[in-house]
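Geometric and topological summary
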Amino acid sequence: METWKKVALGAAAVVVVGGGTRAAGLWGGSSDNSKNLSFQLPTPIQTLDISKNTDTYSGTIIGNSGANLMRVDAKGKPQLELAKSVKHSDDGLTYTVELKDGLKWSDGSKLTAQDFVYTWQRIVNPKTASQYAYLASGVENADKIAAGKAAVDSLGVTAKGNTLTFKLERPMPQFEYLLTFANFMPQKESFVNKEGKKYATTSDTALYSGPYKVQGWNGTNNTFKLVKNDNYWDAKNVKTKEIDVQVVQKPETAVQLYKQGKIDRVSISNTPELYKANKNNKDVVKTPEATTAYLEYNQTGKNKFLANAKIREALNLATNRKELTDQVTAGISSPATGLVPTGLAKTATGEDLAKYVAPGYTYDPQKAAELFKQGLQEVGASNATLTITSDADSPAAKTTLDYLQGSWEKALPGLKVEEKFVPFQQRLKDSQTQNFDVVVSLWGGDYPEGSTFYDLFKDGASYNNGQFKNVPYTDAVNKAETTDALKQEARDNDYKAAEADLFKDSNFNPLYFRSGYSLQNPKVTGIIFNSTGLNQDWKFAVKK
């Protein structure tokens, strides 16, 4: 999921910490001495629509006010949630799920197996225009429906009484993680239809199946609540009655509030200065991540320079990832070696997948200058101007763009780099509509398996914002997901080939693998830190 969107880790996919959180800056704290929790978001949430959400912060609110068939536990494993049992056939092509008895929505109405059929159908329905429709790829007819070539009700998800059946076209090693994922949480069709275009645009126009329900969000305000959902099947184990949520966009302000006892946990990794000033605080906790920051190049032809492979390669070679990482993150994060970050998954032999697939990105300004000169000649120009877009509300954005501007212009004579800062939501829209030359993106996986990253850049993929076509890359990823789906060693090799294909064509530019540190109130315990899917699970969160 996009980040300032979702984060992924994998093998140790979840960590339980006292008030644990992802270092994305998600946190706040109680403004009094009550047992209520109060968490801070660095950007406003965008939606409560389960099918349409794509960002971290909306996903966190949706994930804690919703429940799915399974829920990731403290060891990173999917466990039964709304499901009483989950079984699959020996060939991995059929999953049979029986729901618990007596499930209810937050309004007290009955929650049924049909609510799951509807939510799966809604996400692949072209009319929904969900960017996450591709996650259902592999379920019978999902791709055809998303392409408008099959009826929505032909999807391989059916219900009979309290039993759900999923029919797959190919084995999906990640399937049980999809049964925990927020975008596949149930939705009540009659409620969605009743609300129409207003559905999930405010807290009152959404319905909740999880530990909490949202109150007081009008669609734009920066303070609201999560209150205990007494109709949740496991409400007896939800000990916190209220979680207050506020948006604090300035990380320095958030840290000040923490030190005043008003914030339970906050990131100190947003800027090098913030980290250096607080790294020796006794409340510091390391927050592992597996998020990749990278540059996307618009390869539609709108910018003739970026349509040239030599110029893209020159930009990659002119990027000193170690120096950039040190300057942008104070050395907290690590230079990226490819698309897949460290900690997402391991190979069949136990090696970190990121290390195994690394294709050999290097810093070579001399070679970069030569290639840039050749590229300019090929496009018939003596100089070039490129604009880099990033988030106006990201503390790291200005430092990142300043570094790239200075280093690229120095290494590549004839290049002028302009900076463009837009709000997070606008950056997402600009990326999706190719309204950029170069854009800074961050991605964290939705489940602990390589395809959560490699699916991004397949030909025609909804998140292939640069809209490049790399046939060998797409073929390698498709092979991993079909022929080699249940052959891990072969799948590892497919992903290695895919990374090599991206590297060969310089289709994107990996910058760093993000990690971070936070200040954490030791009185807050029980939060499950998920590195994939729901980034932090507040179900068992309590303040002593």
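We now turn to the structure provided with this report. (Residues numbered from 1 in each chain as written. Predicted model: local features only at pLDDT ≥ 70, side-chain atom pairs only at ≥ 80, totals over all residues. Heavy atoms only, no water.)

Attention now goes to the overall build of the protein chain. Each helix and strand in the protein chain was counted, giving 16 helices and 22 strands. The C-alpha atoms of the protein chain give 23 Å as radius of gyration, which agrees with the globular expectation for 544 residues (24 Å, within 12%). In terms of principal-axis extent, the alpha carbons of the protein chain reach across some 70 × 55 × 45 Å. The burial tally for the protein chain puts 60% of its 544 residues in the buried class. Taking contacts inside the protein chain between residues at least 6 apart in sequence as the whole, the part at least 24 apart equals 71%. Of the accessible surface of the protein chain, which amounts to about 20,400 Å², a share of 48% is contributed by carbon and sulfur atoms. (Helix = DSSP H or I, 4+ residues; strand = E, 2+ residues; numbered from the N terminus. Rg over C-alpha atoms; globule rule 2.2 N^0.38 Å. Buried < 20%, exposed > 50% of the residue type's maximum accessible area, 1.4 Å probe, protein only. Contact = heavy atoms within 4.5 Å. Areas by Shrake-Rupley, 256 points an atom, 1.4 Å probe, with all protein chains shown as cover.)

Glancing now at the sheet that holds strand 9 (residues 212-215). Strands pair in a sheet through their backbones, by hydrogen bonds, and they do so in one of two ways: parallel or antiparallel. Here we have four strands laid out as an open sheet, ordered 2-11-10-9, and mixed in their pairing. Since the sheet does not close on itself, it has two edges, and those belong to strand 2 (37-41) and strand 9, each with one partner. Put simply, the sheet's adjacent strands are angled 25 degrees from each other on average, direction ignored. In the packing of helix 1 (residues 56-65) onto the sheet, contacts are made with strand 2, strand 9, strand 10 (223-228) and strand 11 (242-247), and the angle to strand 9 comes to roughly 130 degrees. (Pairing = 2+ DSSP bridges. Axes fitted to C-alpha atoms, helices over the stretch in contact; angles between N-to-C directions.)

With that settled, consider the pattern of salt bridges. Under the counting rule described, the total for this entry stands at 22 salt bridges. For Lys84, the salt bridge goes to Asp101, with nearest N and O atoms at 3.5 Å. One end of the pair, Lys84, is in strand 5 (residues 83-88); the other, Asp101, is in the loop between strand 6 (94-99) and helix 2 (113-124), and 17 residues separate them in sequence. Judged by its relative accessible area of 39%, Lys84 is partly exposed. What makes Asp101 exposed here is its relative accessible area of 59%. Measuring nitrogen to oxygen at the nearest pair gives 2.6 Å for the salt bridge that ties Arg427 to Asp391. Taken together, the residues Arg427 in helix 13 (residues 424-432) and Asp391 in strand 15 (residues 384-391) connect sequence positions 36 residues apart. Several salt bridges converge on common partners, so that one network encompasses Arg71, Glu81, Asp234, Asp537 and Lys539. (Salt bridge = Lys/Arg side-chain N within 4 Å of Asp/Glu carboxyl O.)

Here strand 15 lies mainly inside the structure; seven of its eight residues are buried. Inspection of the sheet shows strand 15 paired to strand 16 (residues 415-422) by eight bridges, in the parallel sense. Across the sheet, residue Thr389 finds its bridge partner in strand 16, namely Lys420. The parallel pair strand 15 and strand 16 is bridged by helix 12 (residues 395-411), and the resulting crossover is right-handed. By the bridge criterion, two bridges tie strand 15 to strand 17 (residues 438-444) in an arrangement that is parallel. Following the sheet pairing, Ile388 is matched in strand 17 by Val438. (Right-handed = clockwise from strand over helix to strand, strands pointing away.)

This next bit is on empty space enclosed by the protein. Inspection of every chain in the model, using the stated rule, returns six cavities of 30 Å³ or more. Taken as a whole, the second largest cavity holds about 120 Å³ of empty space. The wall of the second largest cavity is formed by 14 residues, among which Arg71, Val72, Thr180, Asn530 and Leu534 lie closest to the centre. With three residues, strand 3 (residues 70-72) is the largest single contributor of residues to the lining of the second largest cavity. Across the lining of the second largest cavity, the residue classes break down as five nonpolar, six polar and three charged. (1 Å grid on protein atoms, 1.4 Å probe; cavity = no way out; pocket = protein on both sides within 12 Å on 5 of 7 lines; lining within 4 Å. Points joined across faces, edges and corners; volume = space filled by probe spheres on them. Nonpolar A, V, L, I, M, F, W, Y, C, P; charged D, E, K, R; others polar.)

Burial along strand 9 is one-sided: the face carrying Tyr212 and Val214 is buried and the face carrying Lys213 and Gln215 is not. As defined by bridge partners, strand 9 adjoins strand 10 across four bridges and the pair is classed as antiparallel. Among the inter-strand pairings, Lys213 is bridged to a residue of strand 10, identified as Val227.

On to the packing of helix 8 (residues 309-317) against helix 11 (residues 365-379). Two packed helices can be described by the angle between their axes and the distance between those axes. Interaxial distance between helix 8 and helix 11 falls to 8 Å at its minimum, and their mutual angle equals 160 degrees. Considering their axes alone, helix 8 and helix 11 lie roughly antiparallel with respect to each other. Relative to helix 11, the crossing made by helix 8 is left-handed. Note on element contacts: helix 11 touches helix 8 through Pro365, Lys367, Ala368, Leu371, Phe372, Gln374, Gly375, Leu376 and Glu378, opposite Lys310, Ile311, Glu313, Ala314 and Leu317. Of the residues assigned to the contact of helix 8 with helix 11, the class counts are eight nonpolar, two polar and four charged. (Parallel < 35°, antiparallel > 145°, perpendicular 65-115°, else oblique. Left-handed = near helix turned anticlockwise from the far one by under 90°.)

So, on to helix 6 (residues 251-259). All of the buried residues along helix 6 are Pro251, Ala254, Val255, Leu257 and Tyr258. Seen along its axis, helix 6 keeps its buried residues to an arc of 160 degrees; they face one direction. Looking at the buried side of helix 6, the elements it contacts are strand 2, strand 12 (265-267), helix 7 (272-278), helix 12 and strand 18 (508-520). Immediately downstream of helix 6, the backbone of Gly261 shows phi near 80 degrees, a positive value. (Arc of directions from axis to C-beta.)

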